[in-house]
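Each chain, letter by letter, is given below.
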Amino acid sequence: MPVPPYEPMGVMDAIYQRRSVRDYTPELVSQASIHMLLYAAVQAPTAMHEEPWAFVVIQDRNLLDRLSETAKRTIWLQAQNEDERGLARNAMNMVSDPAYNVFYNARTLIVIYGKPLGPFVTADCWLAAENLMLAACTAGLGTCVIGLAVPALNSPEWKQMLEIPEEMTAYTPILLGYPASAPPPSTRNPPKMICWK
Ligand SMILES: Cc1cc2nc3c(=O)[nH]c(=O)nc-3n(C[C@H](O)[C@H](O)[C@H](O)COP(=O)(O)O)c2cc1C
């Protein structure tokens, strides 16, 4: 497989420097850079070597704006359902704000879809997502997972619009672009140990 060029950067540097970016410049990420990231994504471990993933790249601004509106409406409707109210409460304020764009006006969205090839498809797709985000970090690109867009992407309306085969599921929408400002620091607790025998 021909590997597109990439910047060398230590894997630990990328792990510690990656932050979710929610403020992007208008500059469009090139096709070559996106190919480099997709090739990095598919190097992820994959259960039974099934490679169940497939990718959609959206750079059409109008389409992204429309998808953002559907995502907000879908989350809002979910919140009206008694069972889902707790799940969506935190998101309610954001999706009720007409000015809020779930994609923060980024120019590129990469969505990882999975084929139904066994119990580990979700894991495979998320592992590919992390590879992609760390690779983006090494290239000076920002990323942010947009979980809010998952229900909209899996709606019949959007599956048809994007020509997604019926059996495939969207797992991981990832924003991509050049950071317009440094993202705020994000800390983690030390690992909680249960036992070490
Ligand atoms: C499954 C998942 C869904 C997420 N969904 C959203 C989202 O819809 N919108 C958003 O702005 N950030 C979203 N994020 C980003 C998290 O808010 C972010 O990773 C977290 O605050 C930690 O910050 P860091 O990524 O900068 O370390 C999501 C992250 C994950 C893993």
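A. Summary view of the overall build of the chain. Along its length, the chain carries seven helices and four strands. Each helix and strand of the chain, ordered N terminal to C terminal, gives the series α-α-β-α-α-β-α-β-α-α-β. With the C-alpha coordinates of the chain rotated into their principal frame, the extents come out at 45 × 45 × 40 Å. Relative to its 197 residues, the chain shows a buried fraction of 41%. Pairs at least 24 residues apart make up 83% of the contacts formed inside the chain by residues separated by at least 6 positions. As presented, the chain carries roughly 11,700 Å² of accessible surface, and 56% of it is formed by carbon and sulfur atoms.

B. Region of the structure containing the environment of Pro26. In this structure, Pro26 sits in the loop between helix H1 (11-17) and helix H2 (31-41). With a relative accessible area of 62%, Pro26 lands in the exposed category. Along the chain, Pro26 and Gly177 lie 151 residues apart, while their C-alpha atoms are 8.2 Å from each other.

C. Summary view of the side chain of Thr138. Considering the arrangement of structural elements, one finds Thr138 in helix H5 (residues 121-138). With residues near it in sequence (within four places) discarded, Thr138 still touches Glu7, Met9 and Ala14.

D. Structural detail: a nonpolar patch on the surface. There is a patch of nonpolar side chains on the surface, built from Val11, Met12, Ile15 and Tyr16 and spanning about 450 Å² of accessible area. Checked against the element boundaries, Tyr16 lands in helix H1. Here Tyr16 falls in the exposed class, since its relative accessible area comes to 63%.

E. Representation of the side chain of Asp124 in the model. Structurally, Asp124 can be placed in helix H5. Although buried, Asp124 forms no salt bridge, and the nearest oppositely charged side chain, Lys115, lies 10 Å from it. In contact with Asp124, not counting residues within four places along its chain, are Pro45, Thr46, Ala47, Pro52 and Trp53.

F. Region of interest: the nonpolar core. With 32 residues, the main nonpolar core has Phe103 and Tyr113 as its most contacted residues. At the level of secondary structure, the elements contributing two or more residues to this core comprise strand S1 (53-58), helix H3 (61-80), helix H4 (85-96), strand S2 (108-114), helix H6 (150-153) and strand S4 (169-177). Among the elements that take part in this core, H3 stands out by supplying six residues, more than any other. Apart from the residues lying within four places of it in its own chain, the contact partners of Tyr113 are Pro52, Trp53, Ala54, Val56, Cys125, Leu153, Leu162, Ile164, Met168, Thr169, Ala170 and Tyr171. In terms of nonpolar packing, the next biggest core, distinct from the first, is built from 22 residues, Leu38, Ala41, Ile110 and Leu176 among them.

G. Examining the packing of H2 against H5 more closely. Look at H2 against H5: their axes get within 7 Å of each other, and the N-to-C directions meet at 140 degrees. Taken together, the axes of H2 and H5 lie oblique to each other. As H2 packs across H5, the resulting crossing turns out to be right-handed. Of H5, the residues touching H2 (which contributes Met36, Leu37, Leu38, Ala40 and Ala41) are Ala128, Asn131, Leu132, Ala135 and Ala136. By residue class, the composition of the contact of H2 with H5 is nine nonpolar, one polar and no charged.

H. Region of interest: the site of the ligand. In the vicinity of the ligand, 13 residues are found, and the nearest of them are Ser20, Arg22, Tyr104, Gly147 and Arg188. Between an oxygen atom of the ligand and a side-chain N or O atom of Arg18, the distance comes to 2.9 Å. Between the ligand and the protein, one listed contact pairs an oxygen atom with a backbone N or O atom of Leu148 at 3.1 Å. Within the complex, the protein chains bury 63% of what would otherwise be the 620 Å² of accessible surface of the ligand. Here the residues of the shell around the ligand sort into six nonpolar, three polar and four charged.

Conventions and cut-offs
Chains are numbered independently. Their residues run from 1 in the order of the written sequence. Local features in this predicted model are restricted to residues of pLDDT 70 or higher, and side-chain atom pairs are both shown and tallied only at a pLDDT of 80 or more, whereas totals for entire chains, interfaces and linings draw on every residue. To get the side-chain values, take all heavy atoms of the structure and skip hydrogens and water. Numbering of helices and strands runs from the N terminus, with a helix taken as a DSSP run of H or I at least four residues long and a strand as a DSSP run of E at least two residues long. Burial here depends on accessible area, computed with a 1.4 Å probe over protein chains only, as a share of the maximum for the residue type. Under 20% is buried, over 50% is exposed, and the range in between is partly exposed. Any two residues whose heavy atoms approach within 4.5 Å are treated as being in contact. For every accessible area listed, the method is Shrake-Rupley and the probe measures 1.4 Å; residues are considered covered only by the protein chains on display. Like charges within 9 Å and nonpolar side chains (Val, Leu, Ile, Met, Phe, Trp, Tyr) within 5 Å are joined into patches, using only residues over 30% in relative accessible area that form no salt bridge. The term salt bridge refers to a side-chain nitrogen of Lys or Arg lying within 4 Å of a carboxyl oxygen of Asp or Glu. Counting rule applied: Lys, Arg positive; Asp, Glu negative; His and chain ends not counted. Residues enter a nonpolar core if they are buried and are Ala, Val, Leu, Ile, Met, Phe, Trp, Tyr or Cys, with the set joined through side-chain atoms within 4.5 Å. Note on geometry: axes are C-alpha line fits, over the in-contact stretch for helices, and angles between N-to-C directions span 0 to 180 degrees. When describing relative orientation, an angle under 35 degrees is termed roughly parallel and one over 145 degrees roughly antiparallel, while 65 to 115 degrees is termed roughly perpendicular and anything else oblique. Each crossing gets its hand from how the near helix is turned against the far one by less than a right angle, where anticlockwise is left-handed and clockwise is right-handed. Polarity classes work like this: nonpolar for Ala, Val, Leu, Ile, Met, Phe, Trp, Tyr, Cys and Pro, charged for Asp, Glu, Lys and Arg, and polar for all others, with Gly in that last group. Put simply, a residue is near a molecule or strand once any heavy atom of it comes within 4 Å of that molecule or strand. Distance and chemistry together define a polar contact, namely a pair of N or O atoms within 3.5 Å, with one atom able to donate a hydrogen and the other to accept it when in protein, and with adjacent residues in sequence counting only for side-chain atoms on both sides.

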